[in-house]
Amino acid sequence: MRRSAAGPPVADGGQSFADREQSFADCVQCRRPTEYPVSRPGIVLCPVCEWQEAQRSACSG
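Summarised in this report is the structure supplied together with it. Since the model is a prediction, treat every value here as computed from it, not as a measurement.

1. Quick notes on the side chain of Thr34
For Thr34, the position within the fold is in strand 4 (residues 33–37). When its relative accessible area of 8% is taken as the criterion, Thr34 is described as buried. A polar contact of 2.8 Å, which involves the side chain of Thr34, links it to the backbone oxygen of Ala25. Within the local environment of Thr34, its side chain forms a polar contact with the backbone nitrogen of Tyr36, the two atoms lying 3.2 Å apart. Among residues more than four places away in sequence, those in contact with Thr34 are Phe24, Ala25, Asp26, Cys27, Val44, Leu45 and Cys46.

2. Focus on the environment of Arg31
Counting through the fold element by element, Arg31 comes out in the loop between strand 3 (24–26) and strand 4. In this structure the C-alpha to C-alpha distance between Arg31 and Val44, which are 13 residues apart in sequence, comes to 10.0 Å.

3. What to know about the packing of aromatic side chains
Scanning the model with the defined rule gives 0 aromatic pairs in all. Of note, Arg40 hangs over the ring of Tyr36, and the distance from its end group to the ring centre comes to 4.2 Å.

4. A few points about the environment of Ala25
Mapped onto the secondary structure, Ala25 falls in strand 3. Owing to a relative accessible area of 10%, Ala25 belongs among the buried residues under this scheme. Ignoring sequence-local partners within four residues, the contact set of Ala25 consists of Arg32, Pro33, Thr34, Tyr36, Pro37, Val38 and Val44.

5. Re the pairing of strand 4
In this structure, strand 3 lies alongside strand 4, joined through 2 bridges in antiparallel fashion. Following the sheet pairing, Asp26 is matched in strand 4 by Pro33. From the end of strand 3 to the start of strand 4, which pair antiparallel, there are 6 residues, and Arg31 there has a positive phi angle of about 70°.

6. Focus on unusual backbone geometry
For residues other than glycine, phi is negative in most cases, and the peptide bonds are mostly trans. Positive phi is not limited to glycine here, since Arg31 has a value of about 70°. The class for Arg31 is exposed, based on a relative accessible area of 54%.

Cut-offs applied
- Residues numbered from 1 in each chain as written.
- Predicted model: local features only at pLDDT ≥ 70, side-chain atom pairs only at ≥ 80, totals over all residues.
- Heavy atoms only, no water.
- Helix = DSSP H or I, 4+ residues; strand = E, 2+ residues; numbered from the N terminus.
- Buried < 20%, exposed > 50% of the residue type's maximum accessible area, 1.4 Å probe, protein only.
- Polar contact = N/O pair within 3.5 Å; in protein donor to acceptor, adjacent residues only side chain to side chain.
- Contact = heavy atoms within 4.5 Å.
- Phe/Tyr/Trp six-rings, centres within 6.5 Å; stacked < 30°, edge-to-face > 60°.
- Lys NZ or Arg CZ within 6 Å of the ring centre and 35° of its normal.
- Pairing = 2+ DSSP bridges.

Below, the structure is given as C-alpha cells:
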C-alpha cells in the first residue's frame, strides 16, 4: 500500500480502496453485490442466486 499525493491510500494496482470496493458487479436478479468484478462478461449472480439457479436447473429434467 502506498499513499497518493493528494488523496486516500492507494492499493498496489493504482485504485483507491474506495474504488476497489465499488468495482464489484451487482447481481442481475437481486441487485446484491457479487464477488465478480464489473468487467466480467455475461450474467453475474450473487452466491445465493447462483445456488438457487443451480437447484432449478438440476431438477428440470
